[in-house]
Structure formats: C-alpha cells, structure tokens
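Analysis of the macromolecular model
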Amino acid sequence: MSTATTPAERVLHDCRDAWVSTLVELAETDDRIVAVVNDSVGSSKLGPFAERFPERLVNVGIAEQDMVGVGAGLANGGKVPFVSAAACFLTARAMEQVKIDAAYSQHHMVLVGQSPGMAYGELGPTHHSIEDLAWLRTIPGLTVIVPADPTETAQAIRWAAAHDGPVFIRVARMGVPDVVPEGYEFAPGVALTLRDGSDVTVVATGTTVVRALDAAELLAADGISARVLSMPTIKPLDEAALLAAARETGGIVTVEEALTSGLGGAVAELLVTRHPAPMRFVGVSDTFAPTGSVSWLMDHFGISASGIATAARDVLGR
Amino acid sequence: MTVEEDLVPQVDPQAVPGDTLTVLGRVPSGASRDEAVAHLAEAARLVRRRDIMMVRAAGLGHIGGEFSVIDILVTLYLHAMNMSPDQLGDPDRDRFILSKGHAAAALYTTLAMAGFLPPEQLSTFMQPLSQLNGHPARTKIAAVEASTGPLGHGLPIAVGTAFAGKLDGSSRRTFVVVGDGELQEGSNWEALMTAGNHGLDHLCVIVDRNRLQQGARVADTNDLEPLADKLAAFGMEVVEVNGHDHGALLDVFAGVPAPSGKPTAVIAHTDKGHPISFMSDNVAWHHKVPSAEQVAQALSELE
Ligand SMILES: Cc1ncc(C[n+]2csc(CCOP(=O)(O)OP(=O)(O)O)c2C)c(N)n1
Ligand SMILES: [Mg+2]
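This report concerns the structure included in the present document. (Residues numbered from 1 in each chain as written. Chains lettered and ligands numbered in written order. Predicted model: local features only at pLDDT ≥ 70, side-chain atom pairs only at ≥ 80, totals over all residues. Heavy atoms only, no water.)

Another point: the side chain of glutamate 257 of chain A. Residues and elements named next belong to chain A. Of note, glutamate 257 is situated in strand S11 (residues 252-259). No salt bridge forms around the buried glutamate 257; measuring N to O, its nearest opposite-charge neighbour arginine 170 is 4.6 Å away. At 2.7 Å, the side chain of glutamate 257 forms a polar contact with the backbone nitrogen of methionine 118. Contacts of glutamate 257, omitting those with residues within four sequence positions, involve Pro116, Gly117, Met118, Ala119, Ile130, Arg170, Met174, Thr207, Thr208, Val294, Met298 and Ile303. (Helix = DSSP H or I, 4+ residues; strand = E, 2+ residues; numbered from the N terminus. Buried < 20%, exposed > 50% of the residue type's maximum accessible area, 1.4 Å probe, protein only. Lys, Arg positive; Asp, Glu negative; His and termini not counted. Salt bridge = Lys/Arg side-chain N within 4 Å of Asp/Glu carboxyl O. Polar contact = N/O pair within 3.5 Å; in protein donor to acceptor, adjacent residues only side chain to side chain. Contact = heavy atoms within 4.5 Å.)

This is how it looks when you write it as structure tokens:
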C-alpha cells in the first residue's frame, strides 16, 4: 500500500495503460467488443487495440454526439461498445446522448472518460472535466466509476464489459501509485477502508485517494485518528459504510478532483436525510480554474494532503 | 495507422532561446500590394520564430496547426481587418474568431505583432495564473471575441456575431477560422445552414485545409470531400486559395462581402507545420513539442 513508501519513492502509473491492455484482453475472447472514438486513438492510448482489431475500431472523427449515438446503435446491434474520448468532450458535448441514448435506453455500453478532472492542466477549463461527476450522478441507471489506480481501472473495465447496462468510467492520466490491496475485488457501491480511524472520516475517490492517505499521516502526527474510505463508485454509493462513518467518527471530509457537487454532494444528500454529520468538501467549488499545470491546480484548490488535513481539523473544530 | 504523440509537458527552460518579438504592426496605409506582401511575409516569419520558442518554453502547444494558420492570421490582423488596438470599442470594427483554439500560441503571437498584447506577455504562455491559457479565453484577453478549445463552437458564434451586425445595419465583417478536422462537428453545418438561409454576406468562414487532424489524415478518419460542393450547397460563396500566399489571401479577404449576397467560405489550402522541412504535412507534429535541436533547426529554416 502507498503509505509504506514516501511520496517521493512512489512509482506513478498512467491508468490508460491498464485500460487498453484490459480492453485488448477482453476483446480477444469477446468479439462483441468494439471501440468508438472521436479522433482520440492516441489520447485514449488505443494504439494496441487499433493494431490488433482495426475493423473493430469505429473512428467517427471529431464528432462526440455522433460518437455516443453510434455507440448506442452498435449496442442495439448486439455489440458491446466502449466509447472512449477525453472526458470533457464525452460528457459536456454529448450529454443528451449520454442521458437518452445510453441511460434512458438502458443500453449495455461503456462510456470511458479519458484524462478526466484537471489532467489537461494548462489547456484550461475547456479541457477540464470537473463537472462530470456532478452531472452524471443525476442520471438514472448510470453507474459512475472513478477508479483509484491501475488495478481498480482494469477491474472496472472487466466489470463494465459484463454488466448489462450503461456505465461511465473515469480513466486517470495524472500519475497515481498502486493503492488497492492485493486480492481486492471491485464491486459497485462497495467502499474500501484503506485506513481505520475513529476521530474523522476522509472519503476520497480516484486520484485523490492517495492524497487522503497522506493527509491521514499528517493528522496522525497531530494525534487525530482519521479513517480513509476509497469510494470507487459515485453512483451507487456505499451507503452502509458512509452511515457507519457518520455514526462512529466526528465528521466527514469528501475529496475529489472535481466539483464538490460530485462525490461531496452525493454524500451530503445521503447523510442529511439519514444521519446528519458535520461535513467539509475538498474539490473545486463554483469557479473556472486559472491557467496552471495539473499539480499546481491541485495545490491551488487544496486537493492536497495538507488541504485535506486542514479540512479535517476544521470539521472537528481543532 | 498513425497515432499522435502523447501530450506531456517537456519543459527544459535551459534550452529556451531568447524571447523577443519585433513588433511590425499593421501594413502602413498607402502601401503597394508588393509592399504589403513583403510586410506580411516578414511578420509571419517573426511570428513563427516566436511561436516555436513559446511552445518549447511551455513544453506544450500545437505547433503543426499553428504554423498552418499563421499566414492567415497575419494577413487578417495586419492588413485585411478593420481592427486596431485603439478601436476595440468600435461596434463597427471587424471581428475575428479562432475556432480551432488549440492554435492559441499563433493567435497570441499575432496579437502581439499587431499591437493588441505587449510582447513581453508572451513569455507567460501557460504559466500559472497567466492570461495566455492553452486555449484563448475572451475573459482573459480583450481582443479575443470567443473562448474556444472545444472544436465546433467558433462558427456558430461567428454566425451570431454576423447576425447582430446585419440587424444593426453595420458594415463590420466577421472572420472565423475553422480546422478541416473540426468540420466533422455537426454544429458547423447547423451554423452554415443558418448563415446561408439568412444571407449573412458579411460572414467569412476560413477553412484551414491542412488535410490532417489530431491522429491521422482527415481523409482516413471521416472524409470531408467534396468540401467545396458541400459548402456551396449550404449557400456559401466558395473561394479556394493557397493559404500560405499572402497576396492571394489579401485579395480574397478584400472580396468580402461577395457581390452575390452569400456568406463567403474560403478553403485555404495549407500544410500543417509549414514551412519547416521536418514538420510539414506530418501528423506527428499536431502537438509534439520540439527538442532544443529541432527548435534550432526550425529557426535556421526561418532565417
Ligand atoms: C470537441 C472537441 N473534440 C476533440 C478535441 C481534441 N482535438 C484538439 S485539436 C484536434 C484535431 C483538430 O484537427 P483540425 O481541426 O484539422 O485542426 P488542425 O489540423 O488545424 O490542427 C482534436 C481532435 C477538441 N479540442 N474538441
Ligand atoms: Mg487540420
């Protein structure tokens, strides 16, 4: 687990490598699997798939609405489409197709949001996908997965290939270390307790899980015992784990590389009706990011170990 | 199949060459056509030199599509358009929208060359809190009309801009540059239909026809041809031009609005990465960042 090594010693992975190797592996034995892209072969790292299965790669060009619609049609025709594009364009541009052609129609299709969050850094808010979690969690029947590392990414892809319904998966480009333990198995709506604690609970997702673990170390040095929950699906949530955290610890901090109305909003809606608890939200709130690299922006918005630790102290009134 | 290089910052500040830009400004009024062409050619050379240094310093940029569009930008800003820094508030001045916003560095450098930005500001490109974001934002730079970056936005906005001019009986013209790959977005064709049906003759759509998109040739991805026929069928007055020939470009822009009363669509035949030997018409250079040696080589070709 990541806390065994110092941040500087960690090996960081681009989760796109796990995504494409898993897809190629699945496609070897399931010829229903096709990839649908918007001139995004390179940015989706789909080169190996394109070489192995050139005829099963549908490149519609720079046309995201067409891309998602074509994906739905392929599903209707008995294929299992993996529609892969930069998360910003896949969601913002094709949202009605996501809502109607994928979700309302309950198609077995997988929407793969590449380089999500603020991975595109300096390219700016047009290329950031921080709204996706807030938007997508409102869509009935859509499973929304935010894997934390390559192992979880690969497992989510496998799960989605077998799940007869619409799925959205974020595939992180920003480097992440391995965080899930040996023997872990992804399941939607099941959180992973990466560290137990009794004073406060930090609920993190995706690229922020490792930062939450680092924050727990900082808090431990202050004598604060922090529980760290990794929440791999924003929809469905692990309600039992969240309600237990609300009962057993003194406050909840949510952390996401996204608008805080994604994971944060979802957790707040659950707790306020079932077990109100003091909360703080770490993420981006109601603003477009200034120019800056992804690492600069993560620090700028306090989506960092120290920012999370500050939010945890604050929710405990310390 | 060709696949683009990954987009990863490769900053090497040690290797960044000097960061000056000699500002030539607009072609002087009264200049002959030959003098205008010589002025534009020199400005384009200097803009390309500064652009490649900016991309090198930032470790990010879209050098291929920048070099294909620079001659068009320079001709518009330094000659064709009725637009100058002291005249931004004039409702009747011309408007320009760079719909292929990934060529931001080319736009910023041209804006500096035309006096709309202080040239020193160019060295902030992509730095934290810079107004010179990786894609142009109208909230960050006064001369930028539309925030672009997601492809397929600029042309509808240009149609609205031209529509407002028509409602006001204004003489202003609206110029918009779209990429050829960008024309795969349906929003462009919806906008063209509106422009054609409403006879927006003061609109000029310029297609940067470099035949390449991000990962491959346009023809191998989702072909546009017959492009001229399609544009004509949507009600455009279609003109084809060599997009690196300043004289031909200024003649074409002088013809807007067309006597036919139709919007003008200019198919500007260009090469991505023009005129650098190792970049020209090479898909690998969509957003590849040149090495220090490659910058030196390119600069020597731009002497
Ligand atoms: C809606 C949208 N989809 C995808 C992209 C990613 N993208 C950036 S540039 C580009 C290729 C553009 O090709 P073209 O329009 O021909 O521009 P040029 O060749 O002049 O660079 C792509 C796919 C984007 N910016 N916006
Ligand atoms: Mg092109």
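Here the focus is the packing of helix H3 (residues 64-76) of chain A against helix H5 (residues 95-104) of chain A. Residue and element names in this part refer to chain A. Orientation of H3 relative to H5, taken along the N-to-C sense of each, is 5 degrees, at an axis distance of 9 Å. Our classification of the angle between H3 and H5 gives roughly parallel. Facing Gln65, Val68, Gly69 and Ala72 of H3, the residues of H5 in contact are Gln97, Val98 and Asp101. Among the residues forming the contact of H3 with H5, the class breakdown is 3 nonpolar, 3 polar and 1 charged. (Axes fitted to C-alpha atoms, helices over the stretch in contact; angles between N-to-C directions. Parallel < 35°, antiparallel > 145°, perpendicular 65-115°, else oblique. Nonpolar A, V, L, I, M, F, W, Y, C, P; charged D, E, K, R; others polar.)

Note on interface size: it is often stated as the accessible area lost on association of the parts. Counting residues at the interface gives 33 residues for chain B, matched by 28 residues for chain A. Contact between chain B and chain A buries roughly 2,300 Å² in total, counting both sides, with carbon and sulfur atoms accounting for 53%. In this assembly, chain B and chain A are joined by 1 salt bridge. The shortest N-O distance in the salt bridge between glutamate 185 of chain B and arginine 93 of chain A comes to 3.5 Å. Partitioning the side of chain B that touches chain A into residue classes produces 11 nonpolar, 17 polar and 5 charged. (Buried area = accessible area lost by both parts, 1.4 Å probe.)

Let's shift gears to the sheet that holds strand S5 (residues 264-269) of chain B. Strands in a sheet are paired, the pairing made by backbone hydrogen bonds, and the direction either parallel or antiparallel. Residues and elements named next belong to chain B. A sheet is described by the order of its strands in space; here 5 strands give the open sequence S1-S2-S3-S5-S4, paired in parallel fashion. Each end of this open sheet is capped by a strand with a single partner; those strands are strand S1 (95-98) and strand S4 (237-242). With direction set aside, neighbouring strand axes in the sheet form an average angle of 20 degrees. Across 4 bridges, S1 lies against strand S2 (residues 174-179) in parallel orientation. Looking across to S2, one finds that phenylalanine 96 is bridged to phenylalanine 175. Its contacts with the sheet place helix H2 (residues 63-80) against S1, S2, strand S3 (203-209) and S5, and it is angled at close to 150 degrees to S3. Where helix H4 (residues 154-167) meets the sheet, its contacts fall on S1, S2 and S3, and the angle it forms with S2 comes to roughly 170 degrees. (Pairing = 2+ DSSP bridges.)

None of this, on its own, says anything about what the molecule does.
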